[in-house]
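Spelled out, the chains give:
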Amino acid sequence: MPLHDLEAVLRSRRDDAPAGSYTAELLADPERTQRKIMEEAFEVCLELGRTDRSDERIAEEAADLVYHLMVGLVGADVPFDHVLRVLEERKR
């Protein structure tokens, strides 16, 4: 799923907040979202540091991190295109 598609789904969860939606719950609790971003970043670091690394496990943890980061961006109303613009500006 491309990140723009994920962003659209997250925005729809923010705007409609369906009952039982994990994403809607995160969006309603910015501190929880922040904690999840930190947790997932730590887990990615742990996986990257293992001597018996698993590509699959690293990818799973990275996907969790990207998802939670995107939730944070949507919750802060920062479009992913702004992130891409900053990255483009940093390219040298």
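Refer to the preceding data block for the structure.
Parameters at a glance
- Every chain begins its residue count from 1, and numbering advances along the sequence as written.
- In keeping with the model being predicted, local features are shown solely for residues with a pLDDT of at least 70 and side-chain atom pairs are shown and tallied solely at 80 or more, while totals for entire chains, interfaces and linings include all residues.
- Just so you know, side-chain values use all the structure's heavy atoms and leave hydrogens and water out.
- Secondary structure counts use DSSP, requiring at least four H or I residues in a row for a helix and at least two E residues in a row for a strand, with both numbered from the N terminus.
- Partly exposed residues are those whose accessible area sits between 20% and 50% of the maximum for their type, while under 20% is buried and over 50% is exposed, using a 1.4 Å probe and protein chains only.
- By definition here, a salt bridge exists when the distance from a side-chain nitrogen of Lys or Arg to a carboxyl oxygen of Asp or Glu is within 4 Å.
- For every element, the axis is a line fit to its C-alpha atoms; helices are fit only across the contacting stretch, and the angle between N-to-C directions ranges from 0 to 180 degrees.
- Should an angle fall under 35 degrees it is called roughly parallel, over 145 degrees roughly antiparallel, and 65 to 115 degrees roughly perpendicular, with every other angle called oblique.
- For any pair of crossing helices, the crossing counts as left-handed if the nearer helix is rotated counterclockwise from the farther one by less than a right angle, and right-handed if it is rotated clockwise.
- In this analysis, two residues are considered to be in contact whenever any of their non-hydrogen atoms come within 4.5 Å of each other.
- All residues other than Ala, Val, Leu, Ile, Met, Phe, Trp, Tyr, Cys, Pro, Asp, Glu, Lys and Arg, Gly among them, are scored as polar; the first ten of these are nonpolar and the last four charged.
- Helix span, expected: 1.5 Å multiplied by one less than the number of residues in the helix.
- As used here, the arc belongs to the directions running from the helix axis to the C-beta atoms.

(A) Region of the structure containing the side chain of glutamate 7. Among the structural elements, glutamate 7 can be located in helix α1 (residues 3-16). Glutamate 7 gets classed as buried once you look at its relative accessible area, which sits at 9%.

(B) Highlighting the pattern of salt bridges. Under the criterion given, the structure shown has 14 salt bridges. What emerges from the salt-bridge pattern is a single network uniting Glu7, Arg11, Arg14, Asp15 and Asp77.

(C) The environment of alanine 76, seen in detail. Examined against the element boundaries, alanine 76 turns out to sit in the loop between α4 (55-75) and α5 (80-90). For the pair formed by alanine 76 and leucine 27, sequence separation is 49 residues and the distance between their alpha carbons is 9.1 Å.

(D) Broad picture of the packing of helix α3 (residues 30-49) against α4. Between α3 and α4, the least distance of the axes is 9 Å, while the angle of their chain directions is 160°. Between α3 and α4, the angle falls in the class roughly antiparallel. Considering only the axes of α3 and α4, their crossing is left-handed. Across the interface between the two elements, Thr33, Lys36, Ile37, Glu40, Ala41, Glu43, Val44, Glu47 and Leu48 from α3 touch Arg57, Ile58, Glu61, Ala62, Asp64, Leu65, His68, Leu69, Val71 and Gly72 from α4. A class-by-class count of the residues in the contact of α3 with α4 yields nine nonpolar, three polar and seven charged.

(E) Geometry of α3. The terminal C-alpha atoms of α3 lie 29 Å apart, and with 20 residues this matches the ideal 28 Å at 1.5 Å per residue to within 8%. Residues Thr33, Lys36, Glu40, Val44 and Glu47 constitute the buried set of α3. Angularly, the buried residues of α3 cover 75° about the axis, an arc narrow enough to put them on a single face. Across from the buried face of α3, at angles greater than 90 degrees, the exposed residues are Arg35, Met38, Phe42, Cys45 and Gly49. Summarising the contacts, the buried residues of α3 are in contact with α2 (22-27) and α4.

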